[in-house]
Amino acid sequence: MKTLRLIENIGRADVQMFLWCVNSRHQRLLSRCARAVSKTGDGYLQVALPLLMFAVDREVGGTLLLAALLGFALELPLYWILKNGLKRPRPPEAIPFFNASITASDRFSFPSGHTAAACLLTTLLLLCYGAAAAPLVLWAAAVGASRVLLGVHFPTDILAGAVLGTGLAHLSYAVIVS
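Residues numbered from 1 in each chain as written. Predicted model: local features only at pLDDT ≥ 70, side-chain atom pairs only at ≥ 80, totals over all residues. Heavy atoms only, no water.

Caption draft 1: The environment of W139, seen in detail. Along the polypeptide, W139 turns up in helix α7 (residues 135-149). C-alpha of W139 to C-alpha of S38: the two residues are 101 residues apart in sequence and 9.9 Å apart in space. Once you skip the residues sitting within four places of it in the chain, W139 turns out to touch T40, G41, L45, Q46, A118, L121 and T122. (Helix = DSSP H or I, 4+ residues; strand = E, 2+ residues; numbered from the N terminus. Contact = heavy atoms within 4.5 Å.)

Caption draft 2: Representation of unusual backbone geometry in the model. Cis geometry marks the peptide bond from F110 to P111; its omega dihedral reads 0°. Tracing the chain through its elements places P111 in the loop between α5 (91-94) and α6 (113-129). Its identity is not glycine, yet K87 carries a phi of approximately 55°, on the positive side. Topologically, K87 is positioned in the loop between α4 (58-86) and α5.

Caption draft 3: Here's a closer look at a nonpolar patch on the surface. A surface patch of nonpolar side chains, about 230 Å² in accessible area, is lined by L74, L171 and V175. Inspection of the secondary structure assignment puts L74 in helix α4. Relative accessible area serves as the criterion here: at 33%, L74 is assigned to the partly exposed category. (Patch = residues over 30% accessible without salt bridge, like charges linked within 9 Å, V, L, I, M, F, W, Y side chains within 5 Å. Areas by Shrake-Rupley, 256 points an atom, 1.4 Å probe, with all protein chains shown as cover. Salt bridge = Lys/Arg side-chain N within 4 Å of Asp/Glu carboxyl O. Buried < 20%, exposed > 50% of the residue type's maximum accessible area, 1.4 Å probe, protein only.)

Caption draft 4: Fine view of the nonpolar core. One finds L64, F72, L120, L121, L124, L125 and W139 to be the most contacted residues of the largest nonpolar core, which totals 23 residues. Elements supplying a minimum of two residues to this core: α3 (44-56), α4, α6, α7 and α8 (155-177). Ranked by residue count, the leading element in this core is α6, at 9 residues. When sequence neighbours within four positions are dropped, the list of residues in contact with L64 reads P50, M53, L124, L125, C128 and Y129. (Core = buried A, V, L, I, M, F, W, Y, C linked by side-chain atoms within 4.5 Å.)

Caption draft 5: α8, seen in detail. With 23 residues, α8 should cover 33 Å at 1.5 Å per step; its first-to-last C-alpha distance of 33 Å lies within 8% of that length. Every buried residue belonging to α8 is among P155, D157, I158, A160, G161, L164, G165, L168, A169 and S172, and all of these are buried. (Expected span 1.5 Å × (residues − 1).)

Caption draft 6: Structural detail: the packing of aromatic side chains. The full count for this structure, using the stated rule, is 0 aromatic pairs. One residue, R58, lies across the ring of F54, its end atom 4.4 Å from the ring centre. (Phe/Tyr/Trp six-rings, centres within 6.5 Å; stacked < 30°, edge-to-face > 60°. Lys NZ or Arg CZ within 6 Å of the ring centre and 35° of its normal.)

Caption draft 7: Looking closely at the side chain of T123. Within the secondary structure layout, T123 lies in helix α6. With a relative accessible area of 9%, T123 lands in the buried category. If sequence neighbours within four positions are ignored, T123 has contacts with T166, A169 and H170.

Caption draft 8: Looking closely at the pattern of salt bridges. Applying the stated criterion to the full structure yields 3 salt bridges. One salt bridge in this structure joins K83 and D106, with 3.6 Å as the shortest N-O distance. Remark: D106 occurs in the loop between α5 and α6 and K83 occurs in helix α4; sequence separation between them is 23 residues. Of the charged contacts in the structure, one is a salt bridge between D157 and R88, with a shortest N-O distance of 2.8 Å. Linking D157 in helix α8 with R88 in the loop between α4 and α5, this pair joins segments that are 69 residues apart in sequence.

Caption draft 9: View of the packing of α6 against α7. Put simply, α6 and α7 touch, their axes get as near as 9 Å, and they point 175° apart. Taken as axis vectors, α6 and α7 run roughly antiparallel relative to one another. For the pair formed by α6 and α7, the contact residues are H114, T115, A118, C119, L121, T122, L125 and L126 on the first element and L136, V137, W139, A140, V143, G144 and R147 on the second. The residue makeup of the contact of α6 with α7, split by class, is 10 nonpolar, 4 polar and 1 charged. (Axes fitted to C-alpha atoms, helices over the stretch in contact; angles between N-to-C directions. Parallel < 35°, antiparallel > 145°, perpendicular 65-115°, else oblique. Nonpolar A, V, L, I, M, F, W, Y, C, P; charged D, E, K, R; others polar.)

Caption draft 10: Fine view of α7. The terminal C-alpha atoms of α7 lie 21 Å apart, and with 15 residues this matches the ideal 21 Å at 1.5 Å per residue to within 8%. Those residues of α7 not exposed but buried are W139, A140, V143, G144, S146, R147, V148 and L149. A positive phi of about 85° marks G151, the residue just after α7.

Functional significance is not addressed by these values, which are geometric in nature.
Written out as structure tokens, the structure is:
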């Protein structure tokens, strides 16, 4: 009983945080910016950047490329299993009279795939290149925030995606360098 009550309380707090994020008087401008940032998390960078780093630096770039291949080979099916197994409705289905700024590419909300992929790539770049990759932390956070601002994810979806991506980055990096 206490566990169910805790989950319900977390769910209510998540909806309240979500509504606070999307009910800004600057929502139109935020939505435009969020749309642009969200597009950078669509997957092209996750392919292009490891390939570019490999072309520039075969040694460390090779480690990055192999870890990215392994990380995304693990992330995609795990993300799909979680999303389709848990079946958390997206905000427009969960909140009456709420309309998202964009149409999501799939039906369910938890976890955020954009955030998982951005955090996986960012963490791998941090592990391979250290502080030089630190600005990408802001990019990954912005990708996650953009998904909430666009109305397609709740804040806990973003948190779960960040944990998933970061954890898989550490795992895949450890496997490749061992």
